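# Fold and geometry: a report
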Amino acid sequence: TIDLEKQRIILNSLELDRTNGQLAFTKSAEKATKSVESSTGFPWEIAINTISITNFNFEFDNDNAAKTQKGIDYNHLKLSDLYFKGKSFAINGNNYSGTINSFGFQEKSGFQLDALTTEFKYTDKEISLKKLYLKTPQTTLQNSVLVTYPSIESILKNPENVTINADLEDNKLGFKDILLLVPQLESNVIFKNNAITIVNFNAKLNGKLNNLKIETFNVAGIGNTKVDVEGTIIGLPDFEKSIFNFN
């Protein structure tokens, strides 16, 4: 079932193989898109039982923005050798959920996603990643993360009420990946002096941001610096007034 007028798409399966795609926004196209978005009266409802995409190449250009020279240029993307397999995908207004069985691609900037699997959910009150496994040549993130909040607006207005439940074991984070994803951090002293560093870490923590219990948090890889703590932090996000009680 596809009803674009009511913004409703219900599919049993979606398959793409050996496909090339291009999308470009001119200034006039961007204005037209904003006009359409502001005039639609229905939230998107999309449900796809299974998705299989292989050998997909895609280019996106927003002619309203100048090209950048470093890192991923989100206004001028070029993805190659993209593959994706997933199931139970659902979008209903601002709610998103589904299972990613496999996902990977290369981007012209040099960023490379080797693997991503997870059961994900995003709503007005929570973000969750279960059975997470993300791998690049430098980075490995795995296990689970759950973040809950009273509302999207409250994340900025009252961040102390955000609840975090994270279990990240045997992880590593490549600064090269971070700088490709957020090239603006290149001027930061830590990243500037450790551009190819890989940080190994484990983290298990839970609680509201203003009363956070840390069961495990250890980090190594930035020079000779090593961190291994457990305990509580009371008072975040006001770092200066927070009370740190570590064992």
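What this report covers is the structure whose coordinates are included nearby. (Residues numbered from 1 in each chain as written. Predicted model: local features only at pLDDT ≥ 70, side-chain atom pairs only at ≥ 80, totals over all residues. Heavy atoms only, no water.)

## A look at the overall build of the protein chain
Helix and strand content of the protein chain: 4 helices and 14 strands. Its C-alpha atoms give the protein chain principal-axis dimensions of about 60 × 40 × 35 Å. Measuring between centres, the 26 positive side-chain charges of the protein chain sit 1 Å from its 29 negative side-chain charges. (Helix = DSSP H or I, 4+ residues; strand = E, 2+ residues; numbered from the N terminus. Lys, Arg positive; Asp, Glu negative; His and termini not counted. Charge placed at Lys NZ, Arg CZ, Asp CG, Glu CD.)

## Thoughts on the pairing of strand 10 (residues 163–174)
Bridge count for strand 9 (residues 140–148) against strand 10 is 7 bridges, and the pairing is antiparallel. Following the sheet pairing, serine 144 is matched in strand 10 by aspartate 167. Relative to strand 11 (residues 198–208), strand 10 runs antiparallel, the two sharing 10 bridges. Note on strand 11: the bridge partner recorded for glycine 174 is isoleucine 198. (Pairing = 2+ DSSP bridges.)

## Points about the pattern of salt bridges
For the structure on display, the rule yields 4 salt bridges. Between lysine 108 and glutamate 107 there is a salt bridge, with its nearest N and O atoms 3.7 Å apart. Under the relative-accessibility criterion, glutamate 107 is labelled buried at 6%. Of the charged contacts in the structure, one is a salt bridge between glutamate 119 and lysine 131, with a shortest N-O distance of 3.4 Å. Linking glutamate 119 in strand 7 (residues 115–122) with lysine 131 in strand 8 (residues 126–135), this pair joins segments that are 12 residues apart in sequence. What makes glutamate 119 partly exposed here is its relative accessible area of 30%. Judged by its relative accessible area of 64%, lysine 131 is exposed. (Salt bridge = Lys/Arg side-chain N within 4 Å of Asp/Glu carboxyl O. Buried < 20%, exposed > 50% of the residue type's maximum accessible area, 1.4 Å probe, protein only.)

## Topic: a nonpolar patch on the surface
A surface patch of nonpolar side chains, amounting to about 330 Å² of accessible area, comprises Ile2, Leu4 and Trp44. Relative to the assigned elements, isoleucine 2 resides in strand 1 (residues 2–3). Isoleucine 2 gets classed as exposed once you look at its relative accessible area, which sits at 57%. (Patch = residues over 30% accessible without salt bridge, like charges linked within 9 Å, V, L, I, M, F, W, Y side chains within 5 Å. Areas by Shrake-Rupley, 256 points an atom, 1.4 Å probe, with all protein chains shown as cover.)

## Examining the packing of aromatic side chains
Applying the stated rule across the entire model yields 11 aromatic pairs. Geometrically, the ring pair formed by phenylalanine 175 and phenylalanine 191 is tilted, given 4.6 Å between the ring centres and 40 degrees between the ring planes. Of this pair, phenylalanine 175 sits in helix 3 (residues 175–181) while phenylalanine 191 is found in helix 4 (residues 189–193), placing the two residues 16 residues apart along the sequence. In this structure an aromatic cluster arises from ring pairing among Phe84, Phe89, Phe103, Phe105, Phe111 and Phe120. (Phe/Tyr/Trp six-rings, centres within 6.5 Å; stacked < 30°, edge-to-face > 60°.)

## Some points on the pairing of strand 11
Across 7 bridges, the pairing between strand 11 and strand 12 (residues 211–222) is antiparallel. The partner of alanine 203 across the bridge, within strand 12, is phenylalanine 217. Connecting the antiparallel pair strand 11 and strand 12 is a turn made up of 2 residues.

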